[in-house]
Amino acid sequence: MYLLFKALIAVHIVFGVVGLVSFWVPVFSRKGSPVHRRWGRIFALSILMAGGIAILLALCTLYNPLGTHPHLDDAEFVRGIFGVLMLHLGVLTVNLAWYGREVLKNKSDPARNRRGINLYLQLLLALAAVACVIEGFRIGQPLIVAASVIGFATVATNLMHMLNPAPPPKAWLREHVKGIVGAGISVYTAFIAFGAVRLMPEIALHPGLWAIPLAVGLGLILYHYWKIGQSGSRLANLAAGE
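Bear in mind that the values here come from a model prediction, so they are computed numbers and not experimental data. (Residues numbered from 1 in each chain as written. Predicted model: local features only at pLDDT ≥ 70, side-chain atom pairs only at ≥ 80, totals over all residues. Heavy atoms only, no water.)

Engineer: An account of the overall build of the protein is needed here, citing residue identities and associated values.
Structural biologist: On a plain count of helices and strands, the protein comes out with 10 helices and 0 strands. Ordering the α and β elements of the protein from the N terminus gives α-α-α-α-α-α-α-α-α-α. Taken against the 2.2 N^0.38 rule, which gives 18 Å for 242 residues, the C-alpha radius of gyration of the protein at 18 Å falls within 12% of a compact globule. When the backbone C-alpha atoms are referred to their principal axes, the protein occupies close to 60 × 30 × 30 Å. For the protein, with 242 residues in total, the buried portion stands at 48%. Counted over contacts in the protein with a minimum sequence separation of 6, partners at least 24 positions apart contribute 72%. (Helix = DSSP H or I, 4+ residues; strand = E, 2+ residues; numbered from the N terminus. Rg over C-alpha atoms; globule rule 2.2 N^0.38 Å. Buried < 20%, exposed > 50% of the residue type's maximum accessible area, 1.4 Å probe, protein only. Contact = heavy atoms within 4.5 Å.)

Engineer: So what's going on with the nonpolar core? Which residues, and what values?
Structural biologist: Formed by 55 residues in total, the largest nonpolar core has its most connected members in Phe23, Leu57, Leu85, Leu173, Val181 and Trp210. Elements supplying a minimum of two residues to this core: α1 (2-22), α3 (34-63), α5 (75-105), α6 (116-139), α7 (142-162), α8 (171-199), α9 (207-229) and α10 (234-239). Those residues in contact with leucine 173 that lie beyond four places of it in its chain are Ile228, Leu235, Leu238 and Ala239. (Core = buried A, V, L, I, M, F, W, Y, C linked by side-chain atoms within 4.5 Å.)

Engineer: Account for the side chain of glutamine 122, naming residues and giving values.
Structural biologist: Within the secondary structure, glutamine 122 sits in helix α6. Classification of glutamine 122 as buried rests on a relative accessible area of 2%. A distance of 2.9 Å separates a polar atom in the side chain of glutamine 122 from the backbone oxygen of asparagine 118. Not counting residues up to four positions away in its chain, the partners in contact with glutamine 122 are Asn95, Tyr99, Thr154, Val155, Asn158, Leu159 and Met162. (Polar contact = N/O pair within 3.5 Å; in protein donor to acceptor, adjacent residues only side chain to side chain.)

Engineer: Could you give an account of the packing of α3 against α5, naming the residues involved and the relevant values?
Structural biologist: Taken N-terminus to C-terminus, the directions of α3 and α5 make an angle of 155 degrees; their axes are 8 Å apart at the nearest point. Classed by the angle they form, the pair α3 and α5 counts as roughly antiparallel. Relative to α5, the crossing made by α3 is left-handed. (Axes fitted to C-alpha atoms, helices over the stretch in contact; angles between N-to-C directions. Parallel < 35°, antiparallel > 145°, perpendicular 65-115°, else oblique. Left-handed = near helix turned anticlockwise from the far one by under 90°.)

Engineer: Which residues make up the side chain of histidine 176, and what are the values?
Structural biologist: Looking at the element boundaries, histidine 176 is found in helix α8. Given a relative accessible area of 16%, histidine 176 falls into the buried group. Excluding residues that lie within four positions of it along the chain, histidine 176 makes contacts with Gly100, Val103 and Leu104.

Engineer: Give me α7: which residues, what numbers.
Structural biologist: For α7, built from 21 residues, the straight-helix expectation of 30 Å at 1.5 Å per residue is met to within 8% by its first-to-last C-alpha distance of 31 Å. Residues of α7 that are buried include every one of Leu143, Ile144, Val145, Ala147, Ser148, Gly151, Thr154, Val155, Asn158, His161 and Met162, and no others. (Expected span 1.5 Å × (residues − 1).)

Engineer: Please give an account of the packing of aromatic side chains that cites residues and values.
Structural biologist: By the definition in use, this model includes 6 aromatic pairs. Pairing tryptophan 24 with phenylalanine 28 gives two aromatic rings, centres 5.9 Å apart and planes at 15 degrees, and the pair type is stacked. Taken together, the residues span about one helical turn, with tryptophan 24 and phenylalanine 28 both in helix α2 (residues 24-28) at a distance of 4 residues. By relative accessible area, which is 30% here, tryptophan 24 ends up partly exposed. Members of the aromatic cluster, each reached through a chain of ring pairs, are Phe23, Trp24, Phe28, Phe43 and Tyr188. Looking at arginine 101, its charged tip hangs above the ring of tryptophan 98, at a distance of 5.7 Å from the centre. (Phe/Tyr/Trp six-rings, centres within 6.5 Å; stacked < 30°, edge-to-face > 60°. Lys NZ or Arg CZ within 6 Å of the ring centre and 35° of its normal.)

Keep in mind these values describe shape, not function.
Structural data, given as structure tokens:
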């Protein structure tokens, strides 16, 4: 189990680093350009892989907390942070990256967004968020409970768009931005938080540390929402199909 776990970590780190670096290229490149599309695909695929492996790592931890983390001696802490919380972040990352790709792919037929994997991922994330609430209260870790709010909010806003029979013309682009940038927030949160647990455990669960990627990501989302609403901007033209 431990050797399998270490191998999964190595692969997870490789895809995670690619995602961390490639995230900024589509954010700052000209929207709709070949560079934006190419690096957007690289980011999304690498993050889907990293998130999928994070889910496997979390499941291994839930099965054998101290066997996968022999350097720690608190099984409840390991199960809560590296098991339940990592599972939630992994599902959240996969959910947002997949959703961000789907709303772009289905911009001309929004009804396709509420089919198959895209729909099942909303249920899976809702269940993961519920697990965070239960586990956070059980072991007395309010940060785990607080993390569930992001999961619930993601499911709610995703479903609002997916179940809307006639979404506004610019809605698909806003949802694409939310999904892809949201996936970036999630992976940077995991990178900072779980890295801090190993390097600086005394501040790893400090809310201020977790707020850094959230604040930066929300700023990027709000900026792009503003650009989408500006007549004549590149994003507004994309939303209009020009």
